[in-house]
Every structure is written in C-alpha cells, then in structure tokens.
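Read off the chains here:
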Amino acid sequence: MDAWTIPGSQESREAKNDSTTIGNKSCVDLACYMVLSEAEKKAIGSICFLAGPFTFLENSVVLLVILFTAALRQRPSYLFIGSLALADVFASCFFTTSFLDFHLFQHTDGPTAYLFKLGGVTMAFTSSVGSLLLTALDRYLCIHQASSYKVLVTRHRALLSLLTLWSATTIISLLPLMGWRCPTGLIPPCSHLFPYISSAYLACWTSFILVLLALILGAYALILWKAHRHEASMTSLQGAAVSGQARMRMDIRLARTFGLILLILVGCWLPALSFMIADVSVVLSFTQQRAFAFCSTLCLVNSAVNPLLYALRCRELREALLQLTYRLCEMGKCKKPTERFSPESHDEQDMSCTALSESEGLNTRATHITSVSAAVNKH
C-alpha cells in the first residue's frame, strides 16, 4: 500500500525521497498512474509510434479492399474479417493517441474525458476479440456443418451478428462513463491500473474477454479434431499409398497454422489480462504497473498481426487487392492487368481463410467426406 498512502503521512514523505519511484504517491491526482521513467517512455513511445501507424495502414487497406470488392462484400466470412479490420483501425487510433497522451506527455483529464477515451480503447479491443470469435465460429460451421453452411451462415445473419457485437461492445465499454465507476475517485478500492475504474467493472470485463478467448480456443480445437478425423477416414478409404512426393498430412498443416494463430493471440492478451486479474485482488507495486504498461502494448501488436493472419493469407483478398491497385494505376495510365479476379479461385495453402462449402445435397458418406476435404483445404 506504499504507493497509495494518505497525503502528508510520514510514509508518504519518506517515499518522496526515494529516487526510484514517482514522487507523488498519494493519488490525489493522476500522477500515481504515470509510472514510467524517461528511458521507459522512450522505449514504449517507439513501440507505439511504429506499431500504431503500421496497424492503421494495413487494416485500412484490408477494409478498403473488402468495401470496394463486391464479390467479397457478399461473403459472410469477409464481413467478419472486415469487422476485425475496422476494430483494429479503431484500436490503432484510440489506444495510440490516449496511451501516448497519458504516459508520455502526462496530460491529465477530468473523469468524464478520461473515461470517454478509455471507453474508445475498450470498445476497439473488445470488438477485435469479438470479431475473432465470429471468424472462428464461421470456420467451425464451415467444417462441422459443411453441407448446410450456406443455409446457416447467410449475409443477413452475418450482418445481424456484427450489429449485435458492436452494440454490445459499445454498451459494455461506456458503462463506466454512464455511472459504473469507482465511488472513491482515485483511492482504493479503485483500480491501480486505470483511474476512476471500479475493481468490479474491471473484473467483469476481464472475465468477459477470457470467456471469448476460451471460445476461440475451443472452436479451433474442434476444427483440428474434425480435420484429424477426416484424415483418418480418407486414409481408410483411399489407402496409405501416396503418389509422387510424400505430402504433409492436412491436419498437421492445420495444427501448425492454427497453433501459430492461437499462440500469438494468447501471447499478446494473457500478460495484460493477468495483471488486470491481479489488480482486482492484490495491491500492485509501481514495478508491476510499469510492466502492465508494456504488456498493454502487446494488444496493439496483436491488432497489427491480425491482418497478416486472417486477411492477407487469403488468396481471394490478395487478388482483389491487386485488382484494386491495378484499377488505381489504370487511372494513372498504368498497364492493364492480364488476369481478372475470380471470386471462385481457391488456394490449398490458404488454410486460414474461410471459403464456402460446395457440398449441398450430397448424401453418401464418401461424397460427404470429399466435401469436408474441400472445406478443410480451403481453411
């Protein structure tokens, strides 16, 4: 509790003489939350100045490609990817500006202004994780409900789910601004990581994000289980002989791809969430507050990596990006492209993309396995 002592006490006066900590520890103002040293400010500022514009640029490109390509706008899978890109665009703007303004430039706002900025950051990151969940569920349905995927996942239902997601995340993010804030202002039991935030609200939001992450992990685990069962069925039907050069099993390729996706997702989010959980139950020291400041930038890094994992790995989106680029160059009298973008083209290596199943109306077991094979390969 030495970082949150009462002003004027002997402990507080002694703490002010400690050159290794922030001078004002009384939390009368926001100074007790500005815990970074000058060297740490330079390091964390470099991360934000590099990751912020890069995240904004690449997610904006993905969003514009989907908006200006009619074939992609009709696909529910790309609507979910577009929602993810939009959330990450907001994250790059809201998080970078508010984080640098608070920790580097030490600009102090009143409770309303601060909670409004924090609400924008919370909405962006919550919508990002929610969009990742919708993308994972879309892939799960494409594999486990291959024959009825087009009936289950329609464009209308996709838009309705996105509207529900963004409405829910907006309401959740603005709850502190609407009144669910710490009753004591800046002193305990307020959060030691976020000014004016109630520990109860922080516990609820952290639990909500952890549930979303658990559902994402579960969806991808079921996809891998289905792929493994499919490989076993195909081996029993076709035999173990493989013509030509031996190829890696499809379920192993999927395991590597999804393993990378989940490793990055958990690695970026779990450190910050761990500090938030600890903040609810124990008193964090200045060292732990500084560590949380660095861990929170990993969430921005996750937003920067998302387009590379979910969008730019898709052949269809890459082709649409090339066509859009050629169209812009054509306006500048560049050479016209020789190949046309086909929304039906697929790439077996684009395992992280979601494609529609073509297995409607197939009844025999062997034909269904072939349909599932096509769906799995498209993922």
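To start, this report covers the structure provided alongside it. (Residues numbered from 1 in each chain as written. Predicted model: local features only at pLDDT ≥ 70, side-chain atom pairs only at ≥ 80, totals over all residues. Heavy atoms only, no water.)

1. Points about the overall build of the protein
Part 1 of the argument: Secondary structure assignment for the protein yields 12 helices and 0 strands.
Part 2 of the argument: The N-to-C order of helical and strand elements in the protein reads α-α-α-α-α-α-α-α-α-α-α-α.
Part 3 of the argument: For the protein, the residues scored as buried account for 49% of the 379 residues in total.
Part 4 of the argument: Across the protein, every contact between residues at least 6 apart in sequence was considered, and the portion connecting residues at least 24 apart equals 79%. (Helix = DSSP H or I, 4+ residues; strand = E, 2+ residues; numbered from the N terminus. Buried < 20%, exposed > 50% of the residue type's maximum accessible area, 1.4 Å probe, protein only. Contact = heavy atoms within 4.5 Å.)

2. Things to note about the packing of aromatic side chains
Part 1 of the argument: All chains considered together, the criterion is met by 11 aromatic pairs.
Part 2 of the argument: Ring geometry for Phe 194 versus Phe 292: centroids 5.5 Å apart, planes at 90°, classification edge-to-face. Linking Phe 194 in the loop between helix H7 (155–173) and helix H8 (199–238) with Phe 292 in helix H10 (residues 286–311), this pair joins segments that are 98 residues apart in sequence.
Part 3 of the argument: Judged by centre distance (4.7 Å) and plane angle (35°), the ring pair of Tyr 220 and Phe 258 falls under tilted. Of this pair, Tyr 220 sits in helix H8 while Phe 258 sits in helix H9 (residues 250–281), and the two are 38 residues apart along the sequence. Taken individually, Tyr 220 and Phe 258 each receive the classification buried, so the pair is uniform in this respect.
Part 4 of the argument: Three or more aromatic residues joined by ring pairs make a cluster, and in this case those are Phe 95, Phe 99, Phe 125 and Trp 269. (Phe/Tyr/Trp six-rings, centres within 6.5 Å; stacked < 30°, edge-to-face > 60°.)

3. Regarding helix H11 (residues 315–331)
Part 1 of the argument: Along its 17 residues, H11 runs 25 Å from first to last C-alpha, staying within 8% of the 24 Å computed at 1.5 Å per residue.
Part 2 of the argument: If you check which residues of H11 are buried, you get Glu 316, Leu 317, Glu 319, Ala 320, Gln 323 and Leu 324. What you see down the axis of H11 is that its buried residues fit within an arc of 160°, all on one side.
Part 3 of the argument: Looking at the buried residues of H11, the elements they touch are helix H2 (38–67), helix H3 (70–73), helix H4 (76–104) and H10. (Expected span 1.5 Å × (residues − 1). Arc of directions from axis to C-beta.)

4. Concerning the packing of H2 against H10
Part 1 of the argument: Direction vectors running N to C along H2 and H10 enclose 25°, while the axes themselves pass 9 Å from each other. When the axis of H2 is compared with that of H10, the two are roughly parallel. You can see that H2 and H10 cross each other, and the crossing is left-handed. On H10, the residues that touch Glu 40, Ala 43, Ile 44, Ile 47, Cys 48, Ala 51, Gly 52, Phe 54, Thr 55, Glu 58, Asn 59 and Val 62 of H2 are Arg 290, Ala 293, Phe 294, Thr 297, Leu 300, Ser 303, Ala 304, Val 305, Pro 307, Leu 308 and Ala 311. (Axes fitted to C-alpha atoms, helices over the stretch in contact; angles between N-to-C directions. Parallel < 35°, antiparallel > 145°, perpendicular 65-115°, else oblique. Left-handed = near helix turned anticlockwise from the far one by under 90°.)

5. Describing the state of the cysteines
Part 1 of the argument: One pass over the full model with this rule turns up 1 disulfide.
Part 2 of the argument: Each sulfur of the disulfide joining Cys 182 and Cys 190 lies 1.8 Å from the other. Because the sign of the S-S torsion sets the handedness, a value of about -100° for the bond joining Cys 182 and Cys 190 places this disulfide among the left-handed ones. Both residues of the pair, Cys 182 and Cys 190, belong to the buried class.
Part 3 of the argument: Free cysteine Cys 299: the closest other cysteine sulfur is in Cys 268, separated by 7.4 Å. (Disulfide = S-S within 2.5 Å.)

6. Quick word on the pattern of salt bridges
Part 1 of the argument: As enumerated under the stated definition, the model contains 5 salt bridges in all.
Part 2 of the argument: Ionic pairing is found between Glu 38 and Lys 41, a salt bridge with its closest N-O pair at 3.6 Å. Taken together, the residues Glu 38 and Lys 41, both in helix H2 and 3 residues apart, mark about one turn of the helix.
Part 3 of the argument: For Arg 290, the salt bridge goes to Glu 40, with nearest N and O atoms at 3.4 Å. Note that Arg 290 is positioned in helix H10 and Glu 40 in helix H2, a separation of 250 residues in sequence. For the residue pair Arg 290 and Glu 40, the accessibility class agrees, reading buried in each case. (Salt bridge = Lys/Arg side-chain N within 4 Å of Asp/Glu carboxyl O.)

7. What to know about empty space enclosed by the protein
Part 1 of the argument: Across all of its chains, the model carries 3 cavities of 30 Å³ or more by this definition.
Part 2 of the argument: Space inside the largest cavity adds up to approximately 600 Å³.
Part 3 of the argument: Along the walls of the largest cavity sit 36 residues, with Tyr 114, Leu 118, Val 121, Phe 194 and Phe 292 positioned nearest its centre.
Part 4 of the argument: Elements with a minimum of two residues in the lining of the largest cavity: H4, helix H5 (111–144), H8, H9 and H10.
Part 5 of the argument: Per-element accounting of the lining of the largest cavity gives the leading share, 8 residues, to H5. (1 Å grid on protein atoms, 1.4 Å probe; cavity = no way out; pocket = protein on both sides within 12 Å on 5 of 7 lines; lining within 4 Å. Points joined across faces, edges and corners; volume = space filled by probe spheres on them.)

8. Things to note about the nonpolar core
Part 1 of the argument: In this structure, Phe 194, Leu 213, Ile 216, Tyr 220, Trp 269 and Met 276 are the most contacted members of the largest nonpolar core, which totals 61 residues.
Part 2 of the argument: Those elements that provide at least two residues to this core are H2, H4, H5, H8, H9 and H10.
Part 3 of the argument: If we ignore the near neighbours within four places in the chain, the residues touching Ile 216 are Val 129, Leu 132, Leu 133, Ala 136, Leu 262 and Leu 265.
Part 4 of the argument: In terms of nonpolar packing, the next biggest core, distinct from the first, is built from 13 residues, Leu 72, Leu 317, Ala 320 and Leu 324 among them. (Core = buried A, V, L, I, M, F, W, Y, C linked by side-chain atoms within 4.5 Å.)

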